[in-house]
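Read off the chains here:
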Amino acid sequence: MANPVPSACCVVLAVVVVVYAQRHSQLESHTQYERVGADVTMKCGSMDWDAAVTWTANGTDIDESHLNGSYLVLKNVDLSQSGQYSCYEGSSWHLKYQTNLRVGMPPKEPVLMCRSNNYPKGFYCSWHLPTPTYIPNSFNISVIHGTKDMVCEKDAVPKNRCHIRYLQLFSTVKYKVTLTVTNPLGKNFTTLTFDEFAIVKPDPPESVVAKPVPNNPRRLEVSWQNPSSWPDPESFPLKFFLRYRPLILDQWQHVELSDGTSHTITDAYAGKEYIIQVAAKDNDIGTWSDWSVAVHATPWTEEPKHLTTEAQITETTSASTSSFMAPPTTKICDKGAVVGSGAMAVCWTAGLVVAAYSVLFI
């Protein structure tokens, strides 16, 4: 006769596995988007309002105080309540409903910027939201030149940027760029209209170097290179703006240079460390670049002279001891200042002390 104990154990184990599988079985999951601060009501699938159900959030049972019949009610939701919500039939633990709640915000008006840092090749536009929405957003950008739609080629990195190639240089027709942002809770947009020359802005100069000029305590030699993104500096030359100041002061000094990629500062304070930056701009159109990375330099200073030979040290020591003189202090004997019958005695005593002190250094 077979032993009934192992059979009973198998039955119990099978029941546990079935219950676990039912509780964790996957229905088609929905995604539900709700605004921060909203009141959210979720139905347990097709279950009746008065059915006995259990709700979980991310696998944790939800207290019955949040239930209205079989409905789950969440008041004034916040970001922390995003997650997966599941509803099970009370007695059988059959999964009846499952949704992924995403709490977020509709988008505000996006920030859009267009700039040509590689004139005359084209320009790029980049964008971002002023505040996060905490849910996925999609962006759509359109570029119109007069009546012609232009293609804005999106960059792989960063994802919020695209490039437009100029089809016609020196055009007086304006460009119109519209950016629309959409998410499940709303949409917003912004528009820029501009002339071709108005958005020309080079990148900052590169490889800025500052170094002292030998034997010139008030000079610093500064050099730099054109930004590598500027494609044709011969046809579209840049001018430069140099600023510098000693670290001990807050006020900058400025020099504008129409050509060349170097400059000698001639009015530096001797021995003071300076901070130096350079900006660039097309000679005729556009605006100044941002400042370059700051560099530091200190003007040339003369090396102090040190005694190096034993003879020099001996000679200096002898000269200093043989030429000893009493320090120029109060007079040794001032008869007008000494009063009383012992005046002459004080004067003789002071004279003898000085004489003896001088003999010691002969």
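Above this note sits the structure.
Here, residues in each chain are numbered from 1, in the same order as that chain's written sequence. pLDDT decides what is reported in this predicted model: residues at 70 or higher carry local features, side-chain atom pairs at 80 or more are listed and counted, and totals for whole chains, interfaces and linings draw on all residues regardless. Excluding hydrogens and water, the side-chain values take into account all heavy atoms of the structure.

**Quick look at a nonpolar patch on the surface**
- For patch detection, residues must exceed 30% relative accessible area and be free of salt bridges, and they are connected within 9 Å for like charges or within 5 Å for nonpolar side chains (Val, Leu, Ile, Met, Phe, Trp, Tyr). Accessible areas in this description were obtained via Shrake-Rupley with a 1.4 Å probe; residue shielding takes into account the shown protein chains only. Just to be clear on terms, a salt bridge is a Lys or Arg side-chain nitrogen sitting within 4 Å of an Asp or Glu carboxyl oxygen. Residues Val36, Leu79, Met105 and Tyr134 make up a contiguous nonpolar surface patch of about 320 Å² in total accessible area.
- Summarising the element assignment, valine 36 is placed in the loop between strand S1 (30–35) and strand S2 (40–42).
- Exposure classes here rest on a 1.4 Å probe applied to the protein chains alone. A residue is buried below 20% of its type maximum, exposed above 50%, and partly exposed in between. On the basis of relative accessible area, valine 36 is assigned to the partly exposed category, the value being 33%. Each helix is a run of DSSP H or I of at least 4 residues and each strand a run of E of at least 2, with the numbering of both proceeding from the N terminus.

**Looking at the packing of aromatic side chains**
- Aromatic pairing here means that ring centres of Phe, Tyr or Trp (its six-membered ring) are within 6.5 Å. Orientation follows from the plane angle: under 30 degrees is stacked, over 60 is edge-to-face, and everything else is tilted. Tallied over the full model, the rule gives 14 aromatic pairs.
- Relative to phenylalanine 236, the ring of tyrosine 119 lies with its centre 5.5 Å away and its plane at 90°, an arrangement referred to as edge-to-face. Linking tyrosine 119 in the loop between strand S9 (111–115) and strand S10 (122–128) with phenylalanine 236 in the loop between strand S18 (216–225) and strand S19 (238–246), this pair joins segments that are 117 residues apart in sequence. Take tyrosine 119 and phenylalanine 236: they sit in the same class, and that class is buried.
- When the centroid spacing of 6.2 Å and the interplanar angle of 40° are considered together, the rings of tryptophan 127 and phenylalanine 139 count as tilted. Residue tryptophan 127 is located in strand S10, and its partner phenylalanine 139 is located in strand S11 (residues 138–145); the two are separated by 12 residues in the primary sequence.
- Of the residues examined, tryptophan 127 reaches a relative accessible area of 3% and is grouped as buried.
- Within the aromatic cluster, the residues linked to one another by ring pairs are Tyr119, Phe123, Tyr166, Tyr175, Phe194 and Phe236.
- In this analysis the charged atom, NZ for Lys or CZ for Arg, is taken to sit over a ring once it is within 6 Å of the ring centre and within 35 degrees of the ring normal. Here the guanidinium or amino end of arginine 161 rests over the ring plane of tyrosine 124, the centre of that ring lying 5.0 Å away.
- Above the plane of the ring of tryptophan 252 lies arginine 243, whose end atom (NZ or CZ) is 4.0 Å from the centre.

**Comments concerning the environment of serine 229**
- Of note, serine 229 is situated in the loop between S18 and S19.
- Sequence separation between serine 229 and tyrosine 119 is 110 residues, and the spatial gap between their C-alpha atoms is 9.1 Å.
- Note on contacts: a residue pair is in contact if any heavy atoms of the two residues lie within 4.5 Å. Dropping the residues within four chain positions of it, serine 229 is found in contact with Asn117, Asn118 and Asp203.
- Here a polar contact is taken to be a pair of N or O atoms separated by no more than 3.5 Å, where protein atoms must pair a possible hydrogen donor with a possible acceptor and residues adjacent in sequence count only if both atoms sit in side chains. Only 2.6 Å separates the side chain of serine 229 from the side chain of aspartate 203, close enough to count as a polar contact.

**Focus on the sheet that holds strand S21 (residues 262–265)**
- Taken in spatial order, the 3 strands make up an open sheet running S17-S18-S21, and their pairing is antiparallel. Every other strand in the sheet has two partners, leaving strand S17 (206–213) and S21 as the edge strands with one partner each. Adjacent strand axes in the sheet meet at a mean angle of 15° when their direction is disregarded.
- Should DSSP find at least two bridges between two strands, the strands are taken to pair. As judged from the 4 bridges shared by S18 and S21, these two strands associate in the antiparallel manner. To get an axis, fit a line to the C-alpha atoms, keeping to the stretch in contact for a helix; angles then go from 0 to 180 degrees between the N-to-C directions.

**Structural notes on the pairing of S10**
- Counting buried positions along S10 gives 6 out of 7 residues, so the element sits mostly inside the fold.
- Counted along the chain from S9 to the antiparallel partner S10, the turn is 6 residues long.
- Where S10 meets strand S14 (residues 161–165), 5 bridges bridge the pair, whose relative direction is antiparallel. Counted as the bridge partner of cysteine 125 is cysteine 162 from S14.

**Here we look at the state of the cysteines**
- By definition, disulfides here are pairs of cysteine sulfur atoms that lie within 2.5 Å. Applying the stated criterion to the full structure yields 3 disulfides.
- Two residues share a disulfide in this structure: cysteine 44 and cysteine 87, whose sulfurs sit 1.8 Å from each other. Judged by the sign of its S-S torsion, about -100°, the bond between cysteine 44 and cysteine 87 is left-handed. Of this pair, cysteine 44 sits in the loop between S2 and strand S3 (53–57) while cysteine 87 is found in strand S7 (residues 83–89), placing the two residues 43 residues apart along the sequence.
- Here cysteine 114 pairs with cysteine 125 through a disulfide, and the sulfurs are 2.1 Å apart. On the sign convention where negative is left-handed, the bridge of cysteine 114 and cysteine 125, at about 105° about the S-S bond, is right-handed. Of this pair, cysteine 114 sits in strand S9 while cysteine 125 sits in strand S10, and the two are 11 residues apart along the sequence.
- Judged by its relative accessible area of 0%, cysteine 125 is buried.

**Things to note about the pattern of salt bridges**
- Taken as a whole, this structure holds 6 salt bridges when the rule is applied.
- Across the pair lysine 174 and aspartate 195 runs a salt bridge whose closest N-O atoms are separated by 3.0 Å. Here aspartate 195 lies in the loop between strand S16 (186–194) and S17 and lysine 174 lies in the loop between S14 and strand S15 (175–183), a separation of 21 residues in the sequence.
- With relative accessibility at 18%, the residue aspartate 195 sits in the buried group.

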